[in-house]
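Here is how the chains run, residue by residue.
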Amino acid sequence: ASVHAAFSGGVGASLVLAAIAVGMLATWNAWFFWATHLLLAMGRLGLAPVGLAHTNRQGVPGRAIVFVAVMGFAGIFLGRGGLVPIVNMATIALALSYAASCGAVLRLRLRDDRRPRPYKMSGGFLTVGLAVAASAAMGLVVLLEPLSRAEGWPLEWTLILVWALIGAVVWRL
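Quick look at the structure, then. Nothing here was measured: the structure is a model prediction, and the numbers come from that model.

Quick look at the overall build of the protein chain now. Helix and strand counts for the protein chain stand at six helices and zero strands. Mapped from its N terminus to its C terminus, the protein chain presents α and β elements in the order α-α-α-α-α-α. What you see for the protein chain is a C-alpha radius of gyration of 21 Å, clearly larger than the 16 Å of a compact globule of 173 residues, by over 25%. Referenced to the eigenvectors of the C-alpha coordinate spread, the extents of the protein chain come out at roughly 65 × 40 × 40 Å.

What follows is about the nonpolar core. Membership of the largest hydrophobic core is limited to seven residues, which are Phe-32, Ala-35, Leu-39, Ala-48, Leu-52, Ala-64 and Val-68. Looking at this core, the elements with two or more residues in it are α2 (10-45) and α3 (62-76). Per element, the largest residue contribution to this core is three residues, and it comes from α2. For Ala-48, the contacting residues outside a window of four places in its chain are Met-42 and Gly-43.

Mapped onto the elements of the fold, Glu-156 is located in helix α6 (residues 155-172). Residue Glu-156 is classed as buried on the basis of its relative accessible area of 4%. Excluding residues within four positions of it along the chain, Glu-156 makes contact with Pro-85, Asn-88, Met-89, Ile-92, Pro-146 and Arg-149.

Bringing the packing of helix α4 (residues 79-111) against α6 into the picture now. Packed helices, taken two at a time, are described by the angle their axes make and the gap between the axes. Orientation of α4 relative to α6, taken along the N-to-C sense of each, is 65°, at an axis distance of 9 Å. Crossing handedness for the pair α4 and α6: right-handed. Between α4 and α6, the contacting residues are Pro-85, Ile-86, Asn-88, Met-89 and Ile-92 on the first element and Leu-155, Glu-156, Leu-159, Ile-160 and Trp-163 on the second.

Examined against the element boundaries, Arg-63 turns out to sit in helix α3. Aside from chain neighbours lying at most four places away, what touches Arg-63 is Gly-51, Leu-52 and His-54.

Considering all chains together, one arrives at four aromatic pairs under this definition. A ring pair is formed by Phe-73 and Phe-77, whose centres lie 5.2 Å apart and whose planes are at 85°; its orientation type is edge-to-face. A single burial state applies to Phe-73 and to Phe-77, both of which are exposed. Three or more aromatic residues joined by ring pairs form one cluster here, namely Trp-28, Trp-31 and Phe-32.

Before going further, it helps to examine the environment of Leu-83. Inspection of the secondary structure puts Leu-83 in helix α4. C-alpha of Leu-83 to C-alpha of Val-142: the two residues are 59 residues apart in sequence and 16 Å apart in space. The contacts of Leu-83, once residues within four sequence positions are left out, are Gly-75 and Leu-78.

Turning to the environment of Gly-81, a few remarks are in order. Here Gly-81 is to be found in helix α4. C-alpha of Gly-81 to C-alpha of Val-128: the two residues are 47 residues apart in sequence and 37 Å apart in space.

Given a rise of 1.5 Å per residue, 36 residues ought to cover 52 Å, and the 53 Å separating the end C-alpha atoms of α2 matches this to within 8%. Among all positions of α2, only Ala-13, Phe-32, Ala-35, Thr-36, Leu-39, Leu-40 and Gly-43 are buried. A positive phi of about 80° marks Gly-46, the residue just after α2.

Conventions adopted
Residues numbered from 1 in each chain as written. Predicted model: local features only at pLDDT ≥ 70, side-chain atom pairs only at ≥ 80, totals over all residues. Heavy atoms only, no water. Helix = DSSP H or I, 4+ residues; strand = E, 2+ residues; numbered from the N terminus. Rg over C-alpha atoms; globule rule 2.2 N^0.38 Å. Core = buried A, V, L, I, M, F, W, Y, C linked by side-chain atoms within 4.5 Å. Buried < 20%, exposed > 50% of the residue type's maximum accessible area, 1.4 Å probe, protein only. Contact = heavy atoms within 4.5 Å. Axes fitted to C-alpha atoms, helices over the stretch in contact; angles between N-to-C directions. Left-handed = near helix turned anticlockwise from the far one by under 90°. Phe/Tyr/Trp six-rings, centres within 6.5 Å; stacked < 30°, edge-to-face > 60°. Expected span 1.5 Å × (residues − 1).

The following block contains the structure:
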C-alpha cells in the first residue's frame, strides 16, 4: 500500500514491488545454499547426522536440501511471533561464532607465527584484533537487544539455551 502511495500506483509501484520480490528471492536462495552446504559439511565432520553428508553422483546434497526445505516450509506456519525470536537467535549465534572464528585466527597466529599462511592479511594482528573486537561488540549488542523489548527473561535466550542443550546431547550421542 505504501509503495503504491509513493508512486501513485501504476508501473513505478509495480517495478519497485517486483524488485523487492527479486531481492527477497535472492536472499532466500543464498540462505538456502548456505544452510544446505553447512549441513553437508557438518555431516561430513560428524557434527550433524552423517546422512546429511550424502550426495548424489553430481555432488548435490539431496538429503540436506530436503531437510532445509521442510524446515523452511514448517517455519511459515510459525508466523511472525515464532519467526522473529528464531531469526534473532540465529543473529546472536552468527555474530558470536564470527567473533570466535576471528579469535581462533588471532590465537593461531600468536601461538604459531612460523606456520605457512594460505593467504596474506593486510594489517596483520591489528586487522584480526579489530575483527574480534567489532564482531564481539556486534554479538553483545544483538545478545542484549532482546532485553529492550522483553519483560523479564527474553525468549531468544531460552531458545539459545535449548538449542545449546540439544547440540550438547547430539554431540555426546
